[in-house]
Amino acid sequence: MSRLGRVLLGSLIPIVVLVIYAFATRSGLDPYYPSMASISSRFSELWLFERVGSDVWPSMRNLAFGYLVAIAVGVPVGLLLGMVVWLHDLLAPLIDFARSVPAIIFIPPLILVLGIGDVSKVLIIALGAGFPLLITTIDGVRKTDRALLDVARAIRLSRRRTIWNIVLPGAAPSIMGGAQTGLQVGFFLLIASEMVGASSGIGYLMMRAQASFDSPTLWAGIVLLSLMGFVLNLLFLAVRNRIIHWHLAMRAVSGSR
Amino acid sequence: MSRAMRKSILGVAGVVLSLVLWQYLTVGGPLAQTPGLPTASGTFERAVKQAGDPELWSALATTLVVTLAALLIASLLGIGVGLLMGYSKIFSTALDPLVQFLRPVPPVALLPVALLVMGPTSNLAILMAVVTAMWPALVQTLVGVRGVDNVTLDAARAMVLPPLLIQTRIVLLSALPHIATGIRIAASYALLMAIATGILTGAPGLGRSILFAQQAGDSALVFALAVYAGILGLAISQAFSRIEGRLTRDYGPTAEAAAS
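K.L.:
Before we go on, may I ask you to explain the overall build of chain A in this structure?
P.N.:
What chain A contains, in helices and strands, is eleven helices and zero strands. Along chain A, helices and strands appear, N-terminal first, in the series α-α-α-α-α-α-α-α-α-α-α. Over its C-alpha trace chain A gives a radius of gyration of 23 Å, far above what one expects of a compact globule, namely 18 Å for 257 residues. Summarising its shape, the C-alpha atoms of chain A cover approximately 75 × 60 × 30 Å along the three principal directions. Counting all 257 residues of chain A, 44% fall into the buried class. Contacts in chain A between residues far apart in sequence, at least 24 positions, make up 73% of those at least 6 positions apart.

K.L.:
Explain the environment of B:L200 here, please?
P.N.:
Structurally, B:L200 is set in helix α8 (residues 163-201). The class for B:L200 is buried, based on a relative accessible area of 10%. Sequence separation of B:L200 and B:Q214 is 14 residues, and the distance between their C-alpha atoms is 12 Å. Contacts of B:L200, omitting those with residues within four sequence positions, involve A:I104, A:A192, A:M195, A:V196, A:M207, B:V108 and B:L111.

K.L.:
Quick question: what am I supposed to make of a nonpolar patch on the surface here?
P.N.:
Residues A:Y33, B:V117, B:M118 and B:L127 make up a contiguous nonpolar surface patch of roughly 280 Å² in combined accessible area. Tracing the sequence through the fold places A:Y33 in the loop between α1 (3-24) and α2 (36-47).

K.L.:
Would you explain the layout of surface pockets in this entry?
P.N.:
Empty space among the atoms becomes visible once a probe the size of a water molecule is rolled across them. One number sums up the size of the second largest pocket: a volume of about 1,600 Å³. Lining the second largest pocket are 37 residues, with A:L94, A:A98, A:F106, A:L127 and A:F131 sitting closest to its centre. Sorting elements by how many residues they give to the lining of the second largest pocket places helix α1 (residues 3-27) of chain B first, with seven residues. Its residues assigned to classes, the lining of the second largest pocket shows 33 nonpolar, four polar and no charged.

K.L.:
Looking at this structure, how should I read the nonpolar core?
P.N.:
Nonpolar side chains in soluble globular proteins generally cluster together in the buried interior. By size, the foremost hydrophobic cluster in this structure holds 109 residues, and its most contacted members are A:W47, A:I104 and A:F188. With 16 residues, helix α8 (residues 159-196) of chain A is the single largest residue contributor to this core. If we ignore the near neighbours within four places in the chain, the residues touching A:W47 are A:V52, A:D55, A:V56, A:I202, A:L205, A:A220, A:G221 and A:L224. B:I79, B:V145, B:I170 and B:A175 belong to the second-largest nonpolar core, a separate cluster that totals ten residues.

K.L.:
Is there a simple way to explain the packing of α1(B) against helix α2 (residues 40-50) of chain B in this structure?
P.N.:
Residue and element names in this part refer to chain B. At a minimum axis separation of 8 Å, α1 and α2 run at an interaxial angle of 115 degrees. When the axes of α1 and α2 are compared, the pair comes out roughly perpendicular. Where α1 approaches α2, its residues L19, W22, Q23 and T26 are matched on the opposing element by A40, S41, T43 and F44. Each residue belonging to the contact of α1 with α2 can be placed in one class, and the counts come to four nonpolar, four polar and no charged.

K.L.:
Where do I start with the packing of helix α4 (residues 85-100) of chain A against helix α6 (residues 118-142) of chain A in this structure?
P.N.:
Packed helix pairs are characterised by how far apart their axes lie and by the angle those axes make with each other. Residues and elements named next belong to chain A. Packing of α4 against α6 brings their axes to within 11 Å, and their N-to-C directions diverge by 140 degrees. Considering their axes alone, α4 and α6 lie oblique with respect to each other. Here α4 and α6 pass one another in a crossing that is left-handed. Packed against α4, whose contacting residues are H88, I95, A98 and R99, the element α6 presents F131, L134, I135, I138 and R142 at the interface.

Calculation criteria
Residues numbered from 1 in each chain as written. Chains lettered and ligands numbered in written order. Predicted model: local features only at pLDDT ≥ 70, side-chain atom pairs only at ≥ 80, totals over all residues. Heavy atoms only, no water. Helix = DSSP H or I, 4+ residues; strand = E, 2+ residues; numbered from the N terminus. Rg over C-alpha atoms; globule rule 2.2 N^0.38 Å. Buried < 20%, exposed > 50% of the residue type's maximum accessible area, 1.4 Å probe, protein only. Contact = heavy atoms within 4.5 Å. Patch = residues over 30% accessible without salt bridge, like charges linked within 9 Å, V, L, I, M, F, W, Y side chains within 5 Å. Areas by Shrake-Rupley, 256 points an atom, 1.4 Å probe, with all protein chains shown as cover. Salt bridge = Lys/Arg side-chain N within 4 Å of Asp/Glu carboxyl O. 1 Å grid on protein atoms, 1.4 Å probe; cavity = no way out; pocket = protein on both sides within 12 Å on 5 of 7 lines; lining within 4 Å. Points joined across faces, edges and corners; volume = space filled by probe spheres on them. Nonpolar A, V, L, I, M, F, W, Y, C, P; charged D, E, K, R; others polar. Core = buried A, V, L, I, M, F, W, Y, C linked by side-chain atoms within 4.5 Å. Axes fitted to C-alpha atoms, helices over the stretch in contact; angles between N-to-C directions. Parallel < 35°, antiparallel > 145°, perpendicular 65-115°, else oblique. Left-handed = near helix turned anticlockwise from the far one by under 90°.

Here it is as structure tokens:
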């Protein structure tokens, strides 16, 4: 199939859906499904760029802080637990249990303890994003090639060099998987925590609009969150591909998988 | 001492130590008297007391039913679309851009509109759980179908096996462990969203109980319910890991090597 054919075929379904939506809502009278014109005018009223400074930027800052904390804690602790067997055995049941508790459950208690400010949001994002990172790091470290470790010992490589040059690169693809899940979980928890308790933010604005039957704001919010999720993922992939380009190249050479 | 025994002794010690630490921090330690932070003993007293409350069991049952219903729908959707995209070039070209765009979109973006249309009902929880859980099912199915060993496939073609047989006996079977992984991840996503919808909207189930406990400022109850949610989550993930482990053992990439 030619490139043009692929592009046309790929855009077929989105275009059909949009056309059907536009046609079905052209009267603009349905309270739930507003016309596209009203969605786009609401989108530009709110998000270009009236409320970006007050409701998008602070949220993104919370997400960034929470995510960085998750990486800064999850990866080193994962390294430690992946390498020290008794410590892993000591904490494994706790980790298994904690990861089975949906992270969103911690939002109500955290709000009770810390209030609805930025601290509780950063903490909940760090908690939710930290677990996938922790688990995939442990997993990646424990799958380190034994032969490479033997070689490292044979050539008397220092502990620090062993970790930096053998363990971490070996675990990196696995860690990146957790980092991607963690980012999605963090984004979800950000919006969810704004829906539960907040006085600003996209989630807060959408729940407020829901309470007042303001459907154009809700649909504009869906558009905004979709674009943000998409862009965040693109950014993540760009960073990931820089970090583990050698792994991706190896995979491309060895064929599918 | 055997490795397994050491492991379980250490595991129990870890749980006990963390409970002692929690109790110490909240009773005499630096976190004592923090509003909203119950003690370990208070939480477990509450959890035990709650076990006698039929409301807890009906909330747990509702959450379980919502999760399993959503998992069923999400698996059918995800595996169905995944197989279509895996088998057919046309479908995969037509759907790939859409999947690439929609997958990173947080499903919770849909929640306010869905709440407006459906109200805080079990169906809302099922819908939200379906749109969250169908992605892992879809993606893993796709990975499984596309990752079929080319050598095996060539051998089958060389033996002139009928195409239908190739698709079912070789492609589908070797994709099975991946599909099982997809369903396992989907199950935990479905549970997450079933509870999240309750907390965010008051839809029935464990999430709503947690929401009400938070609104009443009853933090011991919030933590006690979180313990039950963890037990439910652990049970679901253990059950599906077991199925996944079995399928991987029987049909996974190493199964043939182990059998020969």
